[in-house]
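Letter by letter, the chains look like this.
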2 protein chains.
Amino acid sequence: MAKQKPRTLSGFMELLPQPQQQMERMMELLRRSYSLYGFTPLDTPVIEASEVLLAKAGGETEKQIYRFTKGDTDLSLRFDLTVPLAKYVALHYAELSFPFRRYQIGKVYRGERAQRGRFREFYQADIDIIGDGKLDILNEAEIPAIIYHTFTALGLRRFQIRVNNRKILNGFYAMLGLSDQAPDIMRTVDKLDKIGPEKVAALLTGEEIGLAPAQAEEILKFIGIKGCNGEVLAALENWRGRDPLFDEGLDELTAVVRHLGDFGVPEDHFAVDLTIARGLDYYTGTVYETALLDHPEIGSVCSGGRYDNLAEYYTEKQLPGVGISIGLTRLFYVLGEQGMLNPDLPTAPADVLILPMTEQLSPAIALATRLRQGGIRTQLYTEQKKFKQKMAYADKLGVPFVLFLGEDEIAQGKVSLKDMATGEQALLSPEEAQARIAAQAAAGWTLPPIVEK
Amino acid sequence: MAKQKPRTLSGFMELLPQPQQQMERMMELLRRSYSLYGFTPLDTPVIEASEVLLAKAGGETEKQIYRFTKGDTDLSLRFDLTVPLAKYVALHYAELSFPFRRYQIGKVYRGERAQRGRFREFYQADIDIIGDGKLDILNEAEIPAIIYHTFTALGLRRFQIRVNNRKILNGFYAMLGLSDQAPDIMRTVDKLDKIGPEKVAALLTGEEIGLAPAQAEEILKFIGIKGCNGEVLAALENWRGRDPLFDEGLDELTAVVRHLGDFGVPEDHFAVDLTIARGLDYYTGTVYETALLDHPEIGSVCSGGRYDNLAEYYTEKQLPGVGISIGLTRLFYVLGEQGMLNPDLPTAPADVLILPMTEQLSPAIALATRLRQGGIRTQLYTEQKKFKQKMAYADKLGVPFVLFLGEDEIAQGKVSLKDMATGEQALLSPEEAQARIAAQAAAGWTLPPIVEK
């Protein structure tokens, strides 16, 4: 028979069993972390009606959509988890309780240009808190705590959550009479790290934007405010009273910073950063980015912000919210590239492999049943192979223990347990063996999936 | 602004938060159960190249495929998890260890006619064991144990795993000289439960199939073998020695039945059932179905079998395997319809809702942080609402506890904890409150998601 060459589409991540175990572990920790903060899991279809999904979209996003017809229905694959959330909340409004806190970890689709490390199918791991009409500022203050707890649980230490408030930026440019130029200014200012203040000033006062030198100077002074959180907030107080939006933003930012300690976020993992702006049209208040300190080239690994109107394309209801998103597939890929996935994380499919050494299999099966009832992930190996091949199998899977059950062991009511890491083999009672395997398995599952060198 | 009416496509399940929690719980238990038996989790793309995915497909299946082009690539959404597994194993053959035991829980797509309880996007929860060249019969014997453990963990009691062997059926029809008519006969015999033996005999001896009355009689006698597993096997021994394939099948079935006790499967949850045939062309040995005894109308909730060649469309390698599949979305839907989802399962997004009763929020936030560090799913409610509305929110979410923190409590270093089920409120130390919330949460998570009435 002619064979079809098997392949996986480029831009689609398909992992081997061991990295898949690491990915599963990360997802489990995300679910657990989000749940601790009172978020409920949600699952929405991958396919939506195009007129629903694309009610808002346009431009670059629309080009990337996987869109097709089935019968006479115009369908699209979701390109993020925010639009489906907006649809969900508008559709099920009457049945939900607000604030509605949901997390969703799911695949989304974007037909991006194929490129190493760019994915067309990728997981996003999102949380959002949606209010009905209003949403208290404390929800925005809680977000850094969730980011901190989540990344710490994954094993990261060297990261920083960077926060700004779009009202401060918009208010500041308004007080300079530069509201119209604000987008151009923010785009230019965004280059500060790369090109330095002189060149930014030159661009700001250049023909295209056309600011006065004093305006450029004030902007650079403002953007350049540095220091610990208290110092930055104190410096910002110098602009208070000149624009109501600015003052509101400063109050919000102050409220977000105020409770960091109560929320358990160490000061050194958080920074007010006036250069953070995020998407210009969607976010309206607090904005968040998360940087890996030793890998600035990766960019933000968790971003989001406050928005005033989640579902305006579907409903008259005013539904403000705040949310963050982790691009999980890309994060996993980058961590792998950087060698930051913990090699000690258990990735074997079983905690123990049982090798029966007798024709009669009943004792080995009964032992496997007993171990499984004790919560131990157990594989029973009964293929007709040479002993050496059986051990090679155990070795390749990375199982921590092999358990032999031969005539002698059965006669004595014992088992032979081999520790594959040390090579040590011991004759133990089934209870002893079970306790040893369980202890090592439990220890393995406390390890974080990420390690920093 | 004109609004787009929000809607979810028909045939696509989208659950409200509380049922979603039940679904999540079921998935978690499936992952845990499959892992106990040494299966490794796998995740493959939802989209595959059409020429890869459809290498084998044809007829009815192909019509249901979601197939489309993006750029100039012909793409299809997976319609099961078996074809992607075949592709995966063929593609990554050199990097896998055999037997390769994987589980996969993922969405698949079939453009079926819209109908109540029929889904176009649905979860399958599959396990397969793939051998390289050979696969020991004990793997087939282990499958009923996995089914038994999995459904028991979900909370089901009244179910039965029904097993047959296709070699017995094919061997039996061969010894009657009826190999060519075997498919027609099996289709007819399948109606036995509905129309009774007389009508089946009439159909078998009718014009279309044209068997002799003695042949029909022998078939009915064979198919009608009933009794406990030992009795059925003993009866089958009467046909031994007349066809080698039959004898092989009988040996295999005997081997599968022999170790049920060692595998922890009670005899009353398992039956040799000669009427089970499953798909005619794919399965080659043991076949499995799982019936809910009080709901025969639901049909099999977990089916599968042994196949000789998983990936013949992709590789010359002989890769025999055995697998089972649970149609999770349909199962969940049916359980809901039958009122079998456990109403006592915790479905609230949090174990406790904290209501700060003071302007100053620090103590409430610090308490939330402390509870979360103790593993308690905690929501902090700070919206500006009337007390009654706050309590209504807690009630609607179904949180088991509300914790009040007012001036008095703070002054005394205590908290007021209200048990929402009993209405009792107690002034407790934070430690006492934490212990009580944790104990109730832990008890809740031991409840199964399914209950039988």
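(A) View of the nonpolar core. Formed by 267 residues in total, the largest nonpolar core has its most connected members in A:V89, A:I354, A:L403, B:V89, B:I354 and B:L403. With ten residues, the top contributor of residues to this core is helix α5 (residues 137–154) of chain A. Leave out the neighbours within four places in its chain, and A:L403 touches A:V352, A:I354, A:L355, A:V415, A:L417 and A:A433.

(B) Up close: the sheet that holds strand β15 (residues 415–419) of chain A. Residue and element names in this part refer to chain A. Pairing is mixed across the open sheet formed by five strands, whose spatial order is β13-β12-β14-β15-β16. At either end of the open sheet lies a strand with only one pairing partner, and these are β13 (378–380) and β16 (425–428). Put simply, the sheet's adjacent strands are angled 25 degrees from each other on average, direction ignored. Inspection of the sheet shows strand β14 (residues 401–405) paired to β15 by four bridges, in the antiparallel sense. Opposite F404, over in β15, you have S416 as the bridge partner. With respect to the sheet, helix α16 (residues 430–445) is in contact with β12 (352–356), β14, β15 and β16, its orientation differing from that of β15 by roughly 20 degrees.

(C) Here's a closer look at the packing of helix α7 (residues 182–189) of chain A against helix α8 (residues 192–204) of chain A. All names here are of chain A. Running from N to C, α7 and α8 cross one another at 140 degrees; their axes reach a closest spacing of 9 Å. On the basis of their axis angle, the class for α7 and α8 is oblique. Residues I185, T188 and V189 of α7 pack against L192, V200, L203 and L204 of α8. Of the residues in the contact of α7 with α8, the class split is six nonpolar, one polar and no charged.

(D) The environment of A:Y66, seen in detail. When you line up the elements, A:Y66 lands in the loop between α3 (60–64) and β3 (67–70). Judged by C-beta crowding, with 22 C-beta atoms within 10 Å, A:Y66 ranks as buried. Taking the C-alpha atoms as reference, A:Y66 lies 37 Å from A:S179; in sequence the two are 113 residues apart. In this structure, A:Y66 is in contact with A:S76, A:L77, A:Y109, A:G111 and B:K70, ignoring residues within four places of it in sequence.

(E) Representation of the environment of A:E337 in the model. One can find A:E337 in helix α12 (residues 328–337). The spacing of A:E337 and A:G117 is 220 residues in sequence and 9.4 Å in space, taken between C-alpha atoms.

(F) Focus on the domain arrangement of chain A. Residue and element names in this part refer to chain A. According to the domain assignment, chain A consists of domain 1 (11–158 + 294–345), domain 2 (167–268) and domain 3 (352–438). Opposite the seven residues of domain 1 that make contact, domain 2 presents eight residues. In terms of residue class, the side of domain 1 that touches domain 2 is made up of five nonpolar, no polar and two charged.

(G) The arrangement of the sheet that holds strand β4 (residues 73–77) of chain B in detail. All names here are of chain B. Spatially, β2-β4-β3 is the arrangement adopted by the three strands of the open sheet, whose pairing is antiparallel. Both outer strands of the open sheet, β2 (47–49) and β3 (67–70), are each paired with one neighbouring strand and no more. Geometrically, the sheet is characterised by an average inter-axis angle of 40 degrees between neighbouring strands, direction not taken into account. Two strands pair when backbone bridges link them, and β3 and β4 are joined in this way by four bridges, in the antiparallel orientation. In the sheet register, K70 faces β4, and the bridge partner there is T73.

(H) Region of interest: helix α8 (residues 192–204) of chain B. Residues and elements named next belong to chain B. The end-to-end C-alpha distance of α8, which contains 13 residues, comes to just 12 Å, noticeably less than the 18 Å that a straight helix rising 1.5 Å per residue would cover. At E198, α8 shows its strongest bend, of approximately 75 degrees. Looking only at α8, the buried set comprises V200, L203 and L204. Considering only its buried residues, α8 is in contact with α7 (182–189) and α9 (213–223).

(I) Just the relation of the copies chain B and chain A, in detail. Rotating chain B by 180 degrees and translating it 0.0 Å along the rotation axis places it on chain A, where the RMSD comes to 0.1 Å. As the rotation angle and translation indicate, the two copies are arranged about a two-fold axis. Taking C-alpha positions as the reference, the residue of chain B nearest the rotation axis is B:F68, at 3.1 Å. A share of 100% of the interface residues of chain B reappears at the interface of chain A, consistent with the copies meeting face to face through the same patch.

(J) Geometry of the pairing of β12(A). All names here are of chain A. Taking burial as the measure, the five residues of β12 include five buried ones, the bulk of the element. Read from β12 through helix α13 (residues 362–373) to β13, the crossover connection turns out right-handed. Pairing geometry for β12 and β14, over five bridges, is parallel. Following the sheet pairing, L353 is matched in β14 by V402.

Conventions used here
- Residues numbered from 1 in each chain as written.
- Chains lettered and ligands numbered in written order.
- Predicted model: local features only at pLDDT ≥ 70, side-chain atom pairs only at ≥ 80, totals over all residues.
- Core = buried A, V, L, I, M, F, W, Y, C linked by C-beta atoms within 7 Å.
- Buried ≥ 20, exposed ≤ 12 C-beta atoms within 10 Å, placed from the backbone.
- Helix = DSSP H or I, 4+ residues; strand = E, 2+ residues; numbered from the N terminus.
- Contact = placed C-beta atoms within 7 Å.
- Pairing = 2+ DSSP bridges.
- Axes fitted to C-alpha atoms, helices over the stretch in contact; angles between N-to-C directions.
- Parallel < 35°, antiparallel > 145°, perpendicular 65-115°, else oblique.
- Nonpolar A, V, L, I, M, F, W, Y, C, P; charged D, E, K, R; others polar.
- Domains from an automatic or database assignment.
- Expected span 1.5 Å × (residues − 1).
- Bend = angle between axes of the 7 residues up to and from the residue.
- Least-squares fit on C-alpha atoms with pLDDT ≥ 70 in both.
- Right-handed = clockwise from strand over helix to strand, strands pointing away.

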